[in-house]
Amino acid sequence: MTDVPWFYRKHSIRFHILISSGSSFLIAFLMTFIGILPLAAVHHLAKLHLLQLHLAYLVPILFTTFFAISFSILTHHIVREIAALDHAIRIISGGDLSYRVPPLQHVELRTFSSQLHSMVDQLQEQMIEEHECETAKREWIEGISKELHAPLEGIIQNVELLKTNSVTNPEEYRRIVQETYTAAFQLRKLINNLIQHARLSSHDT
């Protein structure tokens, strides 16, 4: 369809404007001719020299008026579709991405409408992906926070036991120290993972 010249396209805007211009010219010519017939038919005015002066002013005015009126009527459907497209763009730009342009008749506007819908669909997909990414990131942070909390609590409890000097059994003492070391090692590993994730996220953005 894009290889066909515009003057062969039945629903092309330029085709309709060309046809409307020609039709408006013919209508204006006929209506002007009909309008000056009564004036030219008046015999006593035909003898006056002012008749030519009257016609010189009247013909362009009548022709321009009839041409403008007929052209406005014949191209009204084009203006209506452009207004509908403008209305759709305003609604979409206002945030309503679910709105769609009504079916349009003319090729140029239909192509633009299709491109607009494609852009809106891509924007919706991008927003969905960003929302899913944010949700996954939030869930990961909540999960890592819980994982950090467990070894940290274990370290705090063991240190409090050692501070009170309530552990007198050497075996119990070594067990608490080993548990504290294991929890601290696990905590360091989790922190390193969190730092690595933050670096990767900063590179992605």
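Keep in mind the model is a prediction, meaning the values are calculated, not measured. (Residues numbered from 1 in each chain as written. Predicted model: local features only at pLDDT ≥ 70, side-chain atom pairs only at ≥ 80, totals over all residues. Heavy atoms only, no water.)

Caption draft 1: Examining the overall build of the chain more closely. What the chain contains, in helices and strands, is six helices and zero strands. Traced from its N-terminal end to its C-terminal end, the chain shows the element sequence α-α-α-α-α-α. Scored against the burial criterion, the 205 residues of the chain give a buried share of 20%. Across the chain, the fraction of contacts at a sequence separation of at least 24, relative to all contacts at a separation of at least 6, is 65%. (Helix = DSSP H or I, 4+ residues; strand = E, 2+ residues; numbered from the N terminus. Buried < 20%, exposed > 50% of the residue type's maximum accessible area, 1.4 Å probe, protein only. Contact = heavy atoms within 4.5 Å.)

Caption draft 2: The confidence of the model for the chain, seen in detail. Predicted confidence across the chain gives a mean pLDDT of 80, with 84% of residues reaching 70 or more. Mean pLDDT values over the elements of the chain span from 51, in helix α2 (residues 43–46), up to 89, in helix α4 (residues 76–93). Here residues 4–8 is a poorly scored stretch, pLDDT under 50, and it has six contacts once near neighbours within four places are set aside; other chains count. (pLDDT = per-residue confidence, 0-100.)

Caption draft 3: Just the side chain of Ser-24, in detail. Note that Ser-24 resides in helix α1 (residues 13–41). Beyond its immediate stretch of four places on either side in the chain, Ser-24 contacts Phe-67, Ser-70, Phe-71 and Leu-74.

Caption draft 4: Seen up close, the pattern of salt bridges. Evaluation of the coordinates by the stated rule reveals five salt bridges. Between Arg-100 and Asp-121 there is a salt bridge, with the nearest N and O atoms lying 2.7 Å from each other. Residue Arg-100 is located in the loop between α4 and α5 (107–163), and its partner Asp-121 is located in helix α5; the two are separated by 21 residues in the primary sequence. Classification of Arg-100 as partly exposed rests on a relative accessible area of 30%. (Salt bridge = Lys/Arg side-chain N within 4 Å of Asp/Glu carboxyl O.)

Caption draft 5: Local environment of the environment of Thr-64. Tracing the sequence through the fold places Thr-64 in helix α3 (residues 50–74). Considering only alpha carbons, one finds Thr-64 and Ser-24, 40 residues apart in sequence, at a separation of 10.0 Å. Only 2.7 Å separates the side chain of Thr-64 from the backbone oxygen of Pro-60, close enough to count as a polar contact. (Polar contact = N/O pair within 3.5 Å; in protein donor to acceptor, adjacent residues only side chain to side chain.)

Caption draft 6: Here's a closer look at the nonpolar core. One finds Ile-13, Ile-78, Leu-85, Ala-88, Ile-92, Leu-97, Val-101, Leu-104, Leu-109, Leu-116 and Val-120 forming the largest nonpolar core, which totals eleven residues. Looking at this core, the elements with two or more residues in it are α4 and α5. In contact with Ala-88, not counting residues within four places along its chain, are Tyr-99 and Val-101. Judged by nonpolar contacts, the second largest core, of six residues, contains Leu-148, Ile-155, Ala-183 and Leu-190. (Core = buried A, V, L, I, M, F, W, Y, C linked by side-chain atoms within 4.5 Å.)

Caption draft 7: Main features of the packing of α4 against α5. Following both chains from N to C, one finds α4 and α5 inclined at 10°, their axes separated by 11 Å at the closest point. By the criterion of interaxial angle, the relationship of α4 to α5 is roughly parallel. Of the residues in α5, those touching α4 at Ile-78, Glu-81, Ile-82, Leu-85, Ile-89 and Ile-92 are Leu-109, Phe-112, Ser-113, Leu-116 and Val-120. Taken together, the residues of the contact of α4 with α5 sort by class into nine nonpolar, one polar and one charged. (Axes fitted to C-alpha atoms, helices over the stretch in contact; angles between N-to-C directions. Parallel < 35°, antiparallel > 145°, perpendicular 65-115°, else oblique. Nonpolar A, V, L, I, M, F, W, Y, C, P; charged D, E, K, R; others polar.)

Caption draft 8: Molecular detail of the packing of aromatic side chains. Under the criterion given, the structure shown has three aromatic pairs. Here the aromatic rings of Phe-67 and Phe-71 are separated by 5.9 Å at their centres, their planes lie at 10°, and the arrangement is stacked. Of this pair, Phe-67 and Phe-71 are both found in helix α3, four residues apart, which corresponds to roughly one turn of the helix. Overall, the relative accessible area of 27% leaves Phe-67 in the partly exposed class. Residue Phe-71 is classed as partly exposed on the basis of its relative accessible area of 25%. Among the aromatic residues, those joined into a ring-pair cluster are Phe-25, Phe-63, Phe-67 and Phe-71. (Phe/Tyr/Trp six-rings, centres within 6.5 Å; stacked < 30°, edge-to-face > 60°.)

Caption draft 9: Fine view of the side chain of Ser-113. Topologically, Ser-113 is positioned in helix α5. Those residues in contact with Ser-113, other than ones at most four positions away along the chain, are Leu-85, Val-101 and Leu-104.

Caption draft 10: Just a negative patch on the surface, in detail. A surface patch of negative charge is lined by Glu-125, Glu-129, Glu-130, Glu-132 and Glu-134. Checked against the element boundaries, Glu-129 lands in helix α5. Its relative accessible area of 54% is what places Glu-129 among the exposed residues. (Patch = residues over 30% accessible without salt bridge, like charges linked within 9 Å, V, L, I, M, F, W, Y side chains within 5 Å. Areas by Shrake-Rupley, 256 points an atom, 1.4 Å probe, with all protein chains shown as cover. Lys, Arg positive; Asp, Glu negative; His and termini not counted. Charge placed at Lys NZ, Arg CZ, Asp CG, Glu CD.)

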